[in-house]
Amino acid sequence: MPNTLHTEHIQQLQTLYQGSELLVALFDASDTLRYANPAFRQAYHLAETAMPTWVQLMRDNHAEHTGTVIRTADFDTWLGSALSRRGKQAYRMLESDLHDGRWLMMTETVNEAGWMLCTAVDISSLAAGKRSLRTARDLALRAASSDALTGLSNRRHILAQLETQLARSGTHCVAILDIDFFKRINDSHGHPFGDLVLMDFARYLQNQLRRSDGIGRLGGEEFMLVLPDTPLAQASLLMHQLLSGLHPPRPIGALADFHYSCSGGLTLLQPGDSVQSAYHRADAALYRAKQHGRNRIELG
Ligand SMILES: Nc1nc2c(ncn2[C@@H]2O[C@H](COP(=O)(O)OP(=O)(O)OP(=O)(O)O)[C@@H](O)[C@H]2O)c(=O)[nH]1
């Protein structure tokens, strides 16, 4: 077959990658590193056989002040924001600077199976003067898509992700989750504590979901999950796991044995659906979950 990688081509590619200054890495659908060439390993201070998840790689780099420069007062908020954009598009380009002073142009290509090819080239010598402008633009774009408190996608960004899935063939689900009795939490423990609960819930969702899933804060204590390539039965199981995973005490602020729960409405995207119709079904199902006693999932 023309234009197909045969075993011999793959071997040649492998040899070229091993010797190239181009940074090359391959991550699987669970965002675990499966291959990185020496240039990538050197840039991110990875031992020859280390195969961490991307999250662990960033966490280690941040702790050791190596690899990517992460400008944040709170690593987990930065991580939440980075994860809300990572692997959500088939292809994207981004600039990134390293602690060793290099400036990289990175590309991320994601296939249908969720595997990601990551490449980066050193652009330190190019157009340094325009860099601060580009950085400012990237920060502005990021702020426009992120929720300021949790770092998750904001309402506009998560609804855009829903729209993207509506245009794709396949089986996709959308859910709305709402923390139960949140007003009572605010009233009993104060608004800043309520904010900590929102941040805890955001981190919890991010740790439980796949890289390809969209997670956004619609507003207040209401969150949307966009679950691509997920049949209803699988999504329903996931929702029930999310709810039961919240049952053990969650230490928040000074309260070591704090508990909270959430309710959810889940729906399968249908042919002919719009953002509004899918949203409405999930929201109506959420309303029923609240009516039927909370801490439960209803299908719409
Ligand atoms: N701490 C904090 N509170 C918020 C934020 N946004 C909205 N709220 C509060 O969230 C509360 C939502 O209350 P309700 O809509 O009555 O919902 P609830 O108490 O969770 O009740 P159910 O959803 O029926 O279980 C209100 O008191 C809002 O003021 C926020 O960013 N931070």
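Keep in mind it's a predicted model, so treat the numbers as computed, not measured.

**Student:** Looking at this model, I keep getting lost on the packing of helix α3 (residues 54-64) against helix α4 (residues 75-83). Mind explaining?
**Tutor:** Axes are the key here: two packed helices are described by the angle between their axes and the distance separating the axes. Their axes nearest at 12 Å, the elements α3 and α4 cross at an angle of 145°. Every pair of crossing elements has a handedness; the one defined by α3 and α4 is right-handed. Here W54, V55, M58, R59 and H62 of α3 lie close against α4, whose contacting residues are F75, D76, W78, L79, A82 and L83. Residue composition of the contact of α3 with α4, by class: 8 nonpolar, 1 polar and 2 charged.

**Student:** How should the packing of helix α8 (residues 191-208) against helix α9 (residues 232-245) be read in this particular structure?
**Tutor:** Viewed as axis vectors pointing N to C, α8 and α9 meet at an angle of 135°, and their least axial separation amounts to 11 Å. Classified by the angle their axes make, α8 and α9 are oblique. The handedness of the crossing between α8 and α9 comes out as right-handed. Seen from α8, the contacting residues are Y204, L205 and Q208; seen from α9, they are L238, Q241, L242 and G245. Looking at the contact of α8 with α9 residue by residue, the classes come out as 4 nonpolar, 3 polar and no charged.

**Student:** So what exactly am I meant to see when it comes to the packing of aromatic side chains here?
**Tutor:** How two aromatic rings sit relative to each other is given by the distance of their centres and the angle of their planes. One pass over the structure, following the stated rule, counts 9 aromatic pairs. Judged by centre distance (5.0 Å) and plane angle (75°), the ring pair of F193 and F258 falls under edge-to-face. Remark: F258 occurs in the loop between α9 and β9 (262-268) and F193 occurs in helix α8; sequence separation between them is 65 residues. Residue F258 is classed as buried on the basis of its relative accessible area of 8%. Their ring planes at 35° and their centres at 6.2 Å tell us that F258 and Y260 sit as a pair that is tilted.

**Student:** Hey, could you run me through the sheet that holds strand β2 (residues 33-36) in this one?
**Tutor:** Within a sheet, neighbouring strands are paired by backbone hydrogen bonds and run either parallel or antiparallel to one another. Pairing is antiparallel in the open sheet, where 5 strands are placed in the order β2-β1-β5-β4-β3. The sheet is open, and its two edges are formed by β2 and β3 (91-97), each paired on a single side. This sheet shows a mean twist of 20° between the axes of neighbouring strands, independent of strand direction. Where β3 lies against strand β4 (residues 103-110), 7 bridges are found, and the strand directions are antiparallel. Across the sheet, the residue bridging to M93 is T107, located in β4.

**Student:** What is the right way to look at the UniProt feature "domain: GGDEF" (unreviewed entry) in the protein in this model?
**Tutor:** The UniProt feature table records "domain: GGDEF" (unreviewed entry) at residues 170-300. As a span, residues 170-300 carries 44% helix and 22% strand, and end to end its C-alpha atoms are 18 Å apart.

Reading the values: the criteria
Residues numbered from 1 in each chain as written. Predicted model: local features only at pLDDT ≥ 70, side-chain atom pairs only at ≥ 80, totals over all residues. Heavy atoms only, no water. Axes fitted to C-alpha atoms, helices over the stretch in contact; angles between N-to-C directions. Helix = DSSP H or I, 4+ residues; strand = E, 2+ residues; numbered from the N terminus. Left-handed = near helix turned anticlockwise from the far one by under 90°. Contact = heavy atoms within 4.5 Å. Nonpolar A, V, L, I, M, F, W, Y, C, P; charged D, E, K, R; others polar. Parallel < 35°, antiparallel > 145°, perpendicular 65-115°, else oblique. Phe/Tyr/Trp six-rings, centres within 6.5 Å; stacked < 30°, edge-to-face > 60°. Buried < 20%, exposed > 50% of the residue type's maximum accessible area, 1.4 Å probe, protein only. Pairing = 2+ DSSP bridges. UniProt positions renumbered as here; feature names shortened; annotations may be inferred.

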